[in-house]
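Architecture and fold: a report
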Amino acid sequence: MRGRTDLAVEMKEDIQSDEPITGVHVTTKNNGDTDIKEVRIVVENEEGAMCLGKPIGTYITLESEKLREQDESFHEPMMEVLCKHLKHFIGNKTRVMVAGLGNREVTPDALGPFVIDNLYVTRHLLKEGIISQSIEISAIAPGVMAQTGMESSVILKSLIREIKPEILIVIDALAARQSDRLNKTIQLADTGITPGSGVGNHREAINQESMGIPVIAIGVPTVIAVPTIINDAMDVMISSLGKQGAKSVLKKFNDEERYQLACEMVNPNLENMFVTPKDIDAAVKRISYTISEAINQAALA
């Protein structure tokens, strides 16, 4: 264990092999014009799922340093790429429910509710005949169990029985293992999501099996574990000091042993603590708008 992560691309990087992984197909595309890197990971069978630690399905990671910048001109190209993939996942379905998971009162966890705030919800407009050229979009920000006393999955299942959407899109904040991926990465998957899994707070899975309809998950890593930062800092510190003896000792540890060492180096109260960049409020607002606009565009018939 090298530290908690929700990102399929980081779990793929954990596998120390230059050979193709049986049951896992990986393709990478770099767009020089937009500075967007796309990594598509397809888990094809149970063998691949066991090896990667992710359910069978497709995981698309979009990364760009520009996503961190206060540059609104970058909003459109990232939105267009995300919209393209969303349209592919939605297919010919015309009734879509969007769920913004997370706690609106905790900024790193507020991505989902913020996306809902910017959505163009159309279900009521279509039913009243005000518009006609659009996919039906309904939306909900179910909050967290501490606020409602209910699992988000329970709320969503009840709504699905009543509203009868054909597909569910869930948006949630994620945890990353590498600090360089915070606020610059968007993961899109057709396998659903287990809220809180990246921070060790497992809730009931929200996927096709539990919901009864296909589930698309969109997530952005906004937090990283303190021991993971310590683990990364050890390499930087040793390289800076140029201590060859220390380097040779450290190389004797495998990834799991190094992470355990990092946990032991911090105060016990910090072992399960997660941190977030200081500009997280601006980043979450900016990225949530990009995601909501991608969904809005994908909903246009």
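Heads up: the structure comes first, above all this text.
All of the points below concern the structure found in this document. Computed from a prediction, not measured in an experiment: that's the story for all the values here.

Once that is clear, we can look at the overall build of the chain. Broken down by element type, the chain carries 12 helices and 9 strands. Expressed as a percentage of its 301 residues, the buried residues of the chain come to 48%. Of the roughly 14800 Å² that the chain leaves accessible, carbon and sulfur atoms contribute 50%.

Attention now goes to the environment of Leu-126. Note that Leu-126 resides in helix α5 (residues 123–127). The partly exposed category is assigned to Leu-126, whose relative accessible area is 23%. Between the alpha carbons of Leu-126 and Glu-136 there is a distance of 7.0 Å; along the sequence they are 10 residues apart. Excluding residues that lie within four positions of it along the chain, Leu-126 makes contacts with Ile-131, Ser-132, Ser-134, Ile-135 and Glu-136.

With that settled, the discussion passes to the pairing of strand β8 (residues 215–225). With 11 of 11 residues buried, β8 lies mostly within the body of the structure. Pairing geometry for strand β6 (residues 167–176) and β8, over 9 bridges, is parallel. Paired with Ile-171 across the bridge in β8 is Ile-218. Of the pairings in the sheet, the one linking strand β7 (residues 185–189) to β8 comprises 3 bridges and is antiparallel in character. In the sheet register, Ala-189 faces β8, and the bridge partner there is Ala-217.

Here the focus is the packing of helix α3 (residues 75–90) against helix α12 (residues 280–298). Remark: α3 packs on α12, axes separated minimally by 8 Å, with the N-to-C direction vectors making an angle of 50°. If you check the angle between α3 and α12, you find them oblique. Crossing geometry of α3 relative to α12 is assigned as right-handed. Contacts from His-75, Met-78, Met-79, Leu-82, Cys-83, Leu-86, Lys-87 and Ile-90 in α3 reach Tyr-289, Thr-290, Ile-291, Glu-293, Ala-294, Ile-295, Gln-297 and Ala-298 in α12. Here the contact of α3 with α12 is built from residues that sort into 11 nonpolar, 3 polar and 2 charged.

Turning next to the side chain of Lys-54. Turning to its location among the elements, Lys-54 is positioned in the loop between α2 (46–52) and β3 (57–63). Buried charge without a salt bridge: Lys-54, with Asp-6 as the nearest opposite-charge side chain at an N-O distance of 5.4 Å. At 3.0 Å, the side chain of Lys-54 and the backbone oxygen of Asp-6 are in polar contact. Aside from chain neighbours lying at most four places away, what touches Lys-54 is Asp-6, Leu-7, Ala-8, Met-11, Val-43, Ala-49 and Tyr-59.

Ranked by size, the top nonpolar core spans 39 residues in total, and within it Leu-86, Ile-169, Ile-186, Ile-291 and Ile-295 carry the most contacts. Where this core is concerned, the elements lending two or more residues are β3, α3, β4 (95–100), α4 (111–117), β6, β7, β8 and α12. Of all the elements, α3 adds the most residues to this core, at 8 residues. One finds Leu-7, Met-97, Ala-176 and Leu-182 within the second-largest nonpolar core, a separate group that totals 31 residues.

Further remarks concern the side chain of His-85. Relative to the helices and strands, His-85 is located in helix α3. Every residue in contact with His-85, bar those within four places of it in the chain, is listed here: Glu-38, Arg-40, Ile-60, Leu-62 and Leu-188.

Let us now look at the pattern of salt bridges. Applying the stated rule across the entire model yields 10 salt bridges. For Glu-13, the salt bridge is made with Arg-181, and the minimal N-O distance between the two is 2.7 Å. Separated by 168 residues along the polypeptide, Glu-13 in helix α1 (residues 8–14) and Arg-181 in the loop between β6 and β7 bring together distant segments of the chain. By relative accessible area, which is 6% here, Arg-181 ends up buried. Here Arg-68 ties to Asp-180 by a salt bridge, and the two come within 3.7 Å at their closest N and O atoms. One end of the pair, Arg-68, is in the loop between β3 and α3; the other, Asp-180, is in the loop between β6 and β7, and 112 residues separate them in sequence. Take Arg-68: its relative accessible area is 25%, and that puts it in the partly exposed class. Accessibility expressed as a relative area gives 42% for Asp-180, which makes it partly exposed. Where salt bridges share partners, they join Glu-10, Glu-13, Glu-63 and Arg-181 into one cluster.

Reading guide: rules and limits
Residues numbered from 1 in each chain as written. Predicted model: local features only at pLDDT ≥ 70, side-chain atom pairs only at ≥ 80, totals over all residues. Heavy atoms only, no water. Helix = DSSP H or I, 4+ residues; strand = E, 2+ residues; numbered from the N terminus. Buried < 20%, exposed > 50% of the residue type's maximum accessible area, 1.4 Å probe, protein only. Areas by Shrake-Rupley, 256 points an atom, 1.4 Å probe, with all protein chains shown as cover. Contact = heavy atoms within 4.5 Å. Pairing = 2+ DSSP bridges. Axes fitted to C-alpha atoms, helices over the stretch in contact; angles between N-to-C directions. Parallel < 35°, antiparallel > 145°, perpendicular 65-115°, else oblique. Left-handed = near helix turned anticlockwise from the far one by under 90°. Nonpolar A, V, L, I, M, F, W, Y, C, P; charged D, E, K, R; others polar. Lys, Arg positive; Asp, Glu negative; His and termini not counted. Salt bridge = Lys/Arg side-chain N within 4 Å of Asp/Glu carboxyl O. Polar contact = N/O pair within 3.5 Å; in protein donor to acceptor, adjacent residues only side chain to side chain. Core = buried A, V, L, I, M, F, W, Y, C linked by side-chain atoms within 4.5 Å.

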